[in-house]
Every structure is written in C-alpha cells, then in structure tokens.
Amino acid sequence: MDFSFRIANKSFDFLIFVILSTLLTTIHASIHIYQNQLFNEVGNAYLLPGGSEGLYASLSSDNRATDGRSFIRFENITFWRTQDAADEQSEMEHSTGLIQAVIFAAADRNNIGGSAYGGQRSICCTPDLAKLEGCKQGEVIRIPSATEINWPMVFSIQFNGNDLSTQMNNAEVPIKKTGMHNLFFIACDPKLKGTVMSGKTVWKNPDGYLPGRMAPLMTFYVYMAIAYLLLSAIWFSQYMRFWEDILQLQHCIAAVIGLGLFEMILWYLDYSNFNKTGMRPVVTTAWVVTVGAIKKTLSRLLILSVSMGYGVVRPTLGGLTSKVLLIGATYFVASELLDITEHVGTINDVSGRARLFLGLPDAFLDAFLILWIFTSLSKTLEQLQAKRISVKLDIYRKFSNALAVAVIASVAWITYEIYFKATDPFNERWQSAWIITAFWDILSFALLCVICYLWAPSQSSQRYAYSEDVGEEFDDEEAQSLTRGQSNGDVSLVKQEQKNGNAAISDEEDESEEDKRE
C-alpha cells in the first residue's frame, strides 16, 4: 500500500503548481452568466431560469468588513428574437414584444400565476383570468405579497418596431427579506418563440458573494482544518517518535490524514475567494474536488485493507492487490465525476435526474465496498479467534463495532437526506442544507480517529506486526509459566510442551504463507 505515498506526493506538488497557474482561468459563480440561452416553452409561457439562491436580508453597514448590502443586479441583459418574428412587426410600432424579469421568494411562489375555474395553473394572463384576477392579458400574473406590496418584483422589457434585439436597463434589486430567491425571464407572446438572451446577473449576500446555503460551510471547513491539524500533530509526534517501528499500514494512515488536512484548507480557500470576488477559478475548484476524491478513495481502500488484516495479520494483500486497486480506481472515477458536476462551474443545485444518474454508480460502489469490507473483516476475526491472538482480536472487534456504527449512521443519514429533499422541493430550508454535506466529513473524520487510536505508532508496532510474531511470544510465555510451575525433575515434560509450541508456530507460518498466495 506504499503506492498511496507516491500518489499523495505527486498530487501535492502538482496541485500547488495548478493553483498558482489559475489566476487567469475563472468561471463566474454567483455572477450568473447567460450566453445565447434559449427560452423554453412551459405551459402558456416561454421561460428562462435566471438563478436560484438563498439570500439574507441587507444589514447595517456599521462596523462591518463589507457594505452589508444584499442584492440582485442586472448587467448588460440583451434579448434577441428570431428574424421571422421581427419581420412580422411594423417599423413604426413602439411596443412589438414584451419580456418580463420576475424575482420572487420561494415563500411567495403562489403569487406568480393563477388558475381559472380550478383548472391548470397558468403563468401568463388569459382572457378568463383577466376577468377573474384583473390581470392584463399577455403579461405575467402577479399577486402582491401580503407583507410587501412591491414584491414579487417584475421588470418589463419591450421590443421596438421590427428590431431584432432589445436591452434591459441595468438595475439593482435590494433584498429586504431573507429567503430562497428565484429569477425567471418570461415571455407570454407566442411570436417570441425562439428568443435567446445574453448578459449576467450578480447575486450578493451581506457578507459576500457566497450563496447563502454555502456560507456556513466556509466556517465549517475552518473547524475541520483545525480538527485535522490537531489529529495530525498527535499522530505525527508518535509517528516520528517511533519511526523505526512504523508499519506500512501506518504510512497509509498518515497519507490519509495529510490529504484530509490539505482538502479542508483548499475548500476554505476556494470558498473564501468565491465569497470575496464572486468568481470561482475552474481549475482550482476542480483540483479541490480531485483532492477530495483521492482522499475518499484512499480512506475506503484503507478501511478495506485493514479489514483484510493488511499490516497486522498479513504482510501483503497477495493476489487481492490488483482487485483492490481496480475497485479503488473505479470508485475514484465515479466520485470525481459526481463531485465535478456538483461543484465545478455550478451554483444552483444539480437537477434531480442528473444527481440520480451520477450518484447511482457512487452509491453502488459504496454498497459493494461495505459488503466486501464486512466479509473480509469476518474472515479476519475468525482467523484471529482460531489462532487465539487475543490482543489483535480485541482491536479488530473494536474496529468492527466502530465500522458497524458508522454504517448504521450512514444509512440513517441517507434516509434523513432523502426525507429532507423530498419534503423541501422549493429549497425553503436552505439555511440548514449545509449540514447534509458537513455530516459526511464529520463521519469520515470520526472513523479516521478510531483507526488512528487502534493502530497508533508505538515501540511494539513491529513486534505485533503479524500473527506469527505474536504466536511466538504467546508460546514462550506459556512455556515459561509451565517451567515455573514444575519441579527440577520434570524437565522432560517442559521440553515436550515447548516442542508442541514450536509445532504450533510452524502451523501458523504455513497459514501465513497460504494467505500470501491468495
């Protein structure tokens, strides 16, 4: 398993180079960019989603590092209709096509659109709805909020004459109420089918450009970095103290701790830069995700290897090495694809279908690894019990109990996560959504702490490395106790017991060799 060191060292050096070289390669994050995006037909309207983010209400700027403002700003928004639609209009007409930008909170979603006589809900005003709701035909139906008469906010943009394009005036909408805010560009005129839009909108919270659901994670990664730093300080102090007795397994644990600390620092730096500038370098975020995928993969391979008895019961994985590396490589690819899709170049949550499509391979591999881990762990426990190696048996029982608790906690949390998302289709509980992400980092760290505690470096690490060594010690101690319990005249009986002990050691060595050939 020393391959983990080579991967970690190469990744670290290359990552530093990549981070320093990405200053000019960025993607807009909470600055939403629209590049010739097409309006889609939804019901009786043509609609283009402009963004969806949790925003906090503006705060006083007194004694604050930032200006304390929260807003959505429109910049250089331009619409292009088709040539056929423009040719149908007269050059002398003033208003020949209407597009409206609508901003509303998720709590006020029922204030947009209406239904005539209990039928299908419509976004645009129809003749029947004009009579019932008093709306204006051909425009978006807007019902003023009970708490704010000017909310939801609607901006109207008109095409003039037979112009192909029209531009929206730059505007800034202050956010006075905390909530999940949505922006849609809507056209009710059937003649505007095929319209496209370009430009950008800037979304800002009081403390920066970081979206509201992500903001708590920046603080969380600080605490996680401190936790990993403390763990690494404790581990590496023991690591250096007993350097001559370090096992290969403990090298792998050190690599996982180092990658975990590095990942938490990179996530904090990524979020901090995002919060200050509203820009998120693509390559930097991609490599943060890659470090995380490498750490998750090595963590799972570490648990699998420990369950197989690597470094404690058996010196190598033997014929299983290629299979372990294959499942590790497959898991890395699946995890990398999922995390890149979720984090790199995206702000809004990944759609349900995309998340399901990319999440299924990851979930399947996790389930396969769990099955393999517990199967291997069961065999290791049986082997230790058969050889009556009580010290290692006790360690592996503690490890299996911790692993069982982690699996039960994971299943319970996945159930809660499904419930959380199923009961919140409009992301109204966005302020607590960060906990979904944070839980997995906490669980991973807790399990790593258990492994560090059970397999901490010590002066007896090499002494208790493999089963045959412990077997020798056990038999010597047994022989000595027998010697102390006999008189000088019973020397032949003691020698006979020692002979039997040596035979047991030979049997254990044979079993060890058989494990190597697997």
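You'll find the structure just up there.
Residues numbered from 1 in each chain as written. Predicted model: local features only at pLDDT ≥ 70, side-chain atom pairs only at ≥ 80, totals over all residues. Heavy atoms only, no water.

*Asks:* Help me understand the nonpolar core in this model?
*Replies:* Nonpolar side chains tend to gather and get buried jointly when the protein is soluble and globular. By size, the foremost hydrophobic cluster in this structure holds 73 residues, and its most contacted members are Ile253, Tyr271, Leu302, Phe399, Leu448 and Trp455. Those elements that provide at least two residues to this core are helix 4 (215-241), helix 5 (248-277), helix 6 (282-307), helix 7 (321-343), helix 8 (352-387), helix 9 (390-422) and helix 10 (434-454). Excluding its chain neighbours within four sequence positions, the residues that come into contact with Ile253 are Trp235, Leu302, Leu448, Ile451, Cys452 and Trp455. Among the nonpolar cores identified, the runner-up in size contains 26 residues, and Phe79, Ile175, Leu183 and Phe185 belong to it. (Core = buried A, V, L, I, M, F, W, Y, C linked by side-chain atoms within 4.5 Å. Buried < 20%, exposed > 50% of the residue type's maximum accessible area, 1.4 Å probe, protein only. Helix = DSSP H or I, 4+ residues; strand = E, 2+ residues; numbered from the N terminus. Contact = heavy atoms within 4.5 Å.)

*Asks:* I tried to follow the packing of aromatic side chains on my own but got confused; where do I start?
*Replies:* Going through the model one piece at a time under the given rule, you end up with 23 aromatic pairs. Grouped by ring-pair contacts, the aromatic residues Tyr34, Phe39, Phe74, Phe79, Phe155 and Phe185 constitute a single cluster. Of note, Arg109 hangs over the ring of Phe426, and the distance from its end group to the ring centre comes to 4.0 Å. Geometry around Phe420 places Arg429 over its ring, the cationic atom sitting 4.7 Å from the centre. (Phe/Tyr/Trp six-rings, centres within 6.5 Å; stacked < 30°, edge-to-face > 60°. Lys NZ or Arg CZ within 6 Å of the ring centre and 35° of its normal.)

*Asks:* Would you explain the pattern of salt bridges in this entry?
*Replies:* A pair can form between side chains of opposite charge whenever their charged atoms are brought close. Scanning all chains against the criterion turns up 11 salt bridges. Among the salt bridges present, the one from Glu263 reaches Lys295, with a minimum N-O distance of 3.2 Å. With Glu263 in helix 5 and Lys295 in helix 6, the pair connects residues that are 32 residues apart, well separated along the chain. Here Asp366 and Arg300 are joined by a salt bridge, their closest N and O atoms 2.8 Å apart. With Asp366 in helix 8 and Arg300 in helix 6, this residue pair connects regions lying 66 residues apart in the sequence. Through salt bridges with shared partners, a single network forms among Arg69, Arg73, Glu75, Glu172 and Lys200. (Salt bridge = Lys/Arg side-chain N within 4 Å of Asp/Glu carboxyl O.)

*Asks:* How do you make sense of the pairing of strand 9 (residues 171-174) when you look at a structure like this?
*Replies:* Working note: regular strand, side chains alternate between the two faces of the sheet. Going residue by residue along strand 9, you find Ala171 and Val173 tucked away on one face and Glu172 and Pro174 left uncovered on the opposite face. With four bridges connecting them, strand 5 (residues 71-80) and strand 9 associate as antiparallel partners. Across the sheet, residue Phe74 finds its bridge partner in strand 9, namely Ala171. (Pairing = 2+ DSSP bridges.)

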